[in-house]
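# Topology and contacts: notes
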There are 2 protein chains.
Amino acid sequence: MLDIRFSRALQLMLFLAVAAENGSAPLSSAELAHRLHANPSLVRKLLVPLTDEGLAVCVKGRTGGARLGRPADRITLAEIYRCAVGDKPLWAPSPGVEPVCAVTAHAGEYFAALTVEAEEAVLGSLGDRTLADGVRELRRLDTGCARH
Amino acid sequence: MLDIRFSRALQLMLFLAVAAENGSAPLSSAELAHRLHANPSLVRKLLVPLTDEGLAVCVKGRTGGARLGRPADRITLAEIYRCAVGDKPLWAPSPGVEPVCAVTAHAGEYFAALTVEAEEAVLGSLGDRTLADGVRELRRLDTGCARH
DNA sequence: CTGAAAAGCAATCAATACAGTTGCAGTTTA
DNA sequence: TAAACTGCAACTGTATTGATTGCTTTTCAG
C-alpha cells in the first residue's frame, strides 16, 4: 500500500513552519492546497488529526486559516507521523483463523511483538528530528543546489 | 493499505524451519497452503522471492516441495522482510509535480532521506533476530501458555 | 448588518494495489 | 508412464484511500 499521508502531512507542516518563521498570516486551505497541488477540502481533512493533537491550529471565519500549534523546534516528526497514520500498525498481520499446529498458535502474538518493536525503531528515528530541523535541512539543500 | 506479505512470508519460513529441525521431507505448496489457509498457487508466488535470495529452496517433480536454503540460525528476519516487500519503500512520497516554492523544491529529497533512515531502523530491529530465535520464541509462548 | 471568505463535514466517486483464483505447461520420481 | 509436484501467466475481485462535490457554519471587513 502506497501510503502518502505522512509525506503530505509533513509537507503541510513544513509550509506552516516557514509561515510561522516569517510571521505571516494563517495559511488558508486554498493556499495550502495550491502548494500541495491538492483540493482545499482534502487539505482540511489532512489537518483534522494535526489540530486534534495540537500540532496545528485552525481558525474559522474570514481571514481564517491554519498555523502551527507550537514552535517548530518543539514539534517532532514522530508526532506528525503518529497523526498522519493514526493507529494503523506498521505491518498488518495475516488474517488469523484457527491455528493448525502448536507453532502457529502464537504466531500472531509473536508478529505483534515484532511490529511494536519496529514501530518503536521508526518513531525513535523520527523523534530525533524536529520540524525546525526539517526547515533548516530544506534551506541547506536549496542553497547547496543554487551554487551550481 | 494493509500489507500482509511480511506476515505471510514469516509464517511460511517458520514452517520450513520447524520442518528442517525435524528432518522431515520438503513441504509441498499444498501442505503449506493448508497451514496458511491459502491457495497452493499463492504460496508458490510467495516463495519466488525467498528462493531467489536463497532463503528457501524449491525442488520440482514428484516428492518435491520447499525447504530452508540455510540453517535457521543464519537467516535473519530482515532478510525475510526484504524478500517479502521487495523494493517497495516504507513510505511513498506524495506525487511530486513542479514545486511551487524554494522550500518544496527539495522536499522529495528530504523525505527520501527520512524514509531510508527509517527503513534502516526497521531492518536493524529485524536484523537482530534470526528465524531460529523465532522458533524458540514460539515454543516458549506455547509452553508458557500450557502451564495455565 | 450584510456579504465575502474561510473552516467543517458528510456523502460519494474513482483509481489502484494487492489478495486470491484458474489453468496449463514443465519436471521428476515411484 | 502416470501421479504429484513446481512454475508461470492471465485474470478477477475487492478493499483502501485518494480525491471531489456540495453543502452548513463561523467570522470578520466594510
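Preceding this paragraph is the structure being described.
The notes below deal with the structure included here.

Conventions adopted
Residues numbered from 1 in each chain as written. Chains lettered and ligands numbered in written order. Predicted model: local features only at pLDDT ≥ 70, side-chain atom pairs only at ≥ 80, totals over all residues. Heavy atoms only, no water. Helix = DSSP H or I, 4+ residues; strand = E, 2+ residues; numbered from the N terminus. Rg over C-alpha atoms; globule rule 2.2 N^0.38 Å. Buried < 20%, exposed > 50% of the residue type's maximum accessible area, 1.4 Å probe, protein only. Contact = heavy atoms within 4.5 Å. Areas by Shrake-Rupley, 256 points an atom, 1.4 Å probe, with all protein chains shown as cover. Least-squares fit on C-alpha atoms with pLDDT ≥ 70 in both. Near = heavy atom within 4 Å. Polar contact = N/O pair within 3.5 Å; in protein donor to acceptor, adjacent residues only side chain to side chain. Nonpolar A, V, L, I, M, F, W, Y, C, P; charged D, E, K, R; others polar. Expected span 1.5 Å × (residues − 1). Bend = angle between axes of the 7 residues up to and from the residue. Core = buried A, V, L, I, M, F, W, Y, C linked by side-chain atoms within 4.5 Å. Salt bridge = Lys/Arg side-chain N within 4 Å of Asp/Glu carboxyl O.

### What about the overall build of chain A?
For chain A, the count of helices and strands is seven helices and two strands. Going residue by residue from the N terminus, the α and β elements of chain A occur as α-α-α-β-β-α-α-α-α. For chain A, whose C-alpha radius of gyration is 19 Å, the value lies well above the compact-globule estimate of 15 Å for 148 residues. Overall, chain A is about 65 × 40 × 25 Å in size when its C-alpha atoms are taken along their principal axes. Here chain A, with 148 residues, has 44% of them falling under the buried criterion. Contacts in chain A between residues at least 24 apart in sequence constitute 65% of all its contacts with a sequence separation of at least 6. Summing over all exposed atoms, chain A offers an accessible surface of approximately 7,500 Å²; the carbon and sulfur share of this is 54%.

### Overview of the relation of the copies chain A and chain B
The two copies are related by a screw operation: chain A maps onto chain B through 180° of rotation and 0.0 Å of translation along the axis, at an RMSD of 0.1 Å. Seen this way, the second copy is the image of the first under a two-fold rotation axis. Same-surface contact between copies: 100% of interface residues of chain A are shared with the interface of chain B.

### Notes on the protein's contact with DNA strand D
Around DNA strand D there are 27 residues in total, and Arg8, Asn39, Ser41 and Lys45 of chain A together with Ser29 of chain B lie nearest to it. For DNA strand D, the fraction of atoms within 4 Å of the protein that belong to sugar or phosphate moieties is 60%. Note that a base oxygen of DNA strand D is positioned 2.9 Å from one of the side-chain N or O atoms of Ser41 of chain A. Here a base oxygen of DNA strand D and a backbone polar atom of Arg62 of chain A are 3.0 Å apart. Broken down by secondary-structure element, the contributors of at least two residues to the surface near DNA strand D are α1 (5-22) and α3 (40-52) of chain A together with α3 (40-52) and β1 (56-59) of chain B. Looking at the surface near DNA strand D, its residues break down into six nonpolar, 10 polar and 11 charged.

### Some words on α3 of chain A
Residue and element names in this part refer to chain A. The end-to-end C-alpha distance of α3, which contains 13 residues, comes to 18 Å, matching closely the 18 Å that a straight helix rising 1.5 Å per residue would cover. If you look at α3, its biggest bend is around 25°, right at Leu46, and the proline Pro49 turns up within four residues after that. Listing the buried residues of α3 in full gives Val43, Leu46, Leu47 and Leu50. Turning to α3, the residues buried within the fold contact α1, α2 (29-36), β1 (56-59), β2 (65-68) and α4 (77-85). The distance from a side-chain oxygen at the start of α3 to the backbone nitrogen of Ser41 is 2.9 Å, and the residue carrying that oxygen is Asn39. A positive phi of about 80° marks Gly54, the residue just after α3.

### Observations concerning the nonpolar core
Membership of the largest hydrophobic core comes to 90 residues, with the highest contact counts inside it found for Ile80 and Leu131 of chain A together with Ile80 and Leu131 of chain B. Those residues in contact with Ile80 of chain A that lie beyond four places of it in its chain are Phe6, Ala9, Leu10, Met13, Leu55, Ile75 and Leu131 of chain A.

### As for the interface of chain A and chain B
Counting residues at the interface gives 50 residues for chain A and 50 residues for chain B. Inspection of the region where chain A meets chain B yields two salt bridges. Remark: the boundary between chain A and chain B carries six residue pairs in polar contact (both at pLDDT 80 or more). Of all the secondary-structure elements, those providing two or more residues to the side of chain A that touches chain B are α1, α2, α4, α5 (102-105), α6 (107-127) and α7 (131-146) of chain A. Here the side of chain A that touches chain B gets 11 residues from one element, more than from any other, and that element is α6 of chain A. Taken together, the residues of the side of chain A that touches chain B break down into 30 nonpolar, nine polar and 11 charged.

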